[in-house]
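# Secondary and tertiary structure notes
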Amino acid sequence: MTGPLAGIRIIEVGVMLAGPYATMLLADLGAEVIKVEPPGGEISRQVSDSYFASLNRNKRSVCLDLASTDGRARLGELVADSHALLVNMKPSAIKKLGLTYENLRRYNEKIVCVALTGYGLHGGDDPAFDYVIQAATGVAAMTGDPEGPPTLPGYSAADNSTGLTAALGLLAKIVSGHGGQVDVCLRDVMLSQLNYRAAAYLNDGAEPRRYPFGAHSYYVPAQLFPTAEGHLALFITHDGFWRSFAGEAGIAGFETMVERAAAREDVLALVSAALASDTAVNWEIRLKPLGIPAAAVRSLPEALEDTPEMVVTAGDFRLVGSPIRVQGFEPEYRPAPVFDAAPQSS
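Just so you know, these numbers come straight off a predicted model, no measurement behind them.

Relative orientation of the contacting elements helix α10 (residues 239–249) and helix α13 (residues 280–287) amounts to 125°, with a least axis distance of 11 Å. Viewed along their axes, α10 and α13 adopt a mutual orientation that is oblique. The interaxial crossing formed by α10 with α13 has right-handed handedness. Contact with α10, carried on its side by F245, E248 and A249, involves W283, R286 and L287 of α13 and no other residues of that element. Of the residues belonging to the contact of α10 with α13, the class tally is 4 nonpolar, no polar and 2 charged.

Next up, the structure:
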């Protein structure tokens, strides 16, 4: 089976992570992705070879100076024969380089133009890197120990989430059969992902608060717990989970979700004492057969070793493969393009 996106041609004017991640996911599904790089190459090539490889496999690249007349003319030729163009830059640069539907529709009325920015295509040029957005949208303030400083997750949550959202918007507009502008920004994506926390504040006046060990605001017990060795993530939502866990752990009472939420500290004290009797790995082994959501905290190397099916080879690099499984289709993982400053033809 050919890829589900075979026949779709996408131009990427991508920088660093969010835009290149979006188009790489589409390339993994069979889309033809042409990465437009400036003279000297896209800046993430300077980070490391493995960084660039992790975001740009399955693409080919062309070198165009979009600030020049020749470069803009060449881009117009590509647009005339493509379905979409995705760019992630600050709004003023996108407009100055003419990377909008308003400017490119003269080459192709059906072109879909996706602008991926910090605060929106018309939202200004304030710096908008991942960590800045997490700070600006409340994510950092609700993350970490309540007695400690705000903190951030150990990966680029805002960039990756916005890349996924941009890919969805791009495909939705292509499916509509009409060209046009799609506007996706990091700030709005992160606010959207705070869904139930935002709704609790907007409707119930409940301001987010931090709990020790990353505890959930509604469900109890649902957090990390120290054990005899290592930490265990335990996520008890409905009462059936609690009955199974309580039976295995030797805990009585608190049979309903409402009771557990009302007696949070008492429940957590009992659960903590029970879990201290064994290691995190052993608790995972004991609880999983009972259908209870639980996992020992692992390092990234340990997680990769546990899931060898997710590790693929693209050229000289071992990478994490596509998370999208399509029946009858197995992605081909080709290496990221080597930068070639020589003019290329379509």
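What follows concerns the packing of aromatic side chains. Aromatic rings in a pair are described by how distant their centres are and how their planes are angled relative to each other. Here the structure, examined in full by the defined rule, presents 4 aromatic pairs. Where Y219 meets F235, the ring centres are 5.9 Å apart and the plane angle is 70°; that geometry is what we call edge-to-face. Placement of Y219 in the loop between α9 (195–204) and β7 (222–226) and of F235 in strand β8 (residues 231–235) is noted, with a sequence separation of 16 residues between them. Relative accessible area serves as the criterion here: at 26%, Y219 is assigned to the partly exposed category. The exposure class assigned to F235 is partly exposed, which follows from its relative accessible area of 35%. Ring centres of F245 and W283 lie 6.5 Å apart, and the angle between their planes is 45°; this geometry places the pair in the tilted category. Taken as a pair, F245 in helix α10 and W283 in helix α13 lie far apart in primary sequence, 38 residues in all.

Parameters at a glance
- Residues numbered from 1 in each chain as written.
- Predicted model: local features only at pLDDT ≥ 70, side-chain atom pairs only at ≥ 80, totals over all residues.
- Heavy atoms only, no water.
- Axes fitted to C-alpha atoms, helices over the stretch in contact; angles between N-to-C directions.
- Helix = DSSP H or I, 4+ residues; strand = E, 2+ residues; numbered from the N terminus.
- Parallel < 35°, antiparallel > 145°, perpendicular 65-115°, else oblique.
- Left-handed = near helix turned anticlockwise from the far one by under 90°.
- Contact = heavy atoms within 4.5 Å.
- Nonpolar A, V, L, I, M, F, W, Y, C, P; charged D, E, K, R; others polar.
- Phe/Tyr/Trp six-rings, centres within 6.5 Å; stacked < 30°, edge-to-face > 60°.
- Buried < 20%, exposed > 50% of the residue type's maximum accessible area, 1.4 Å probe, protein only.

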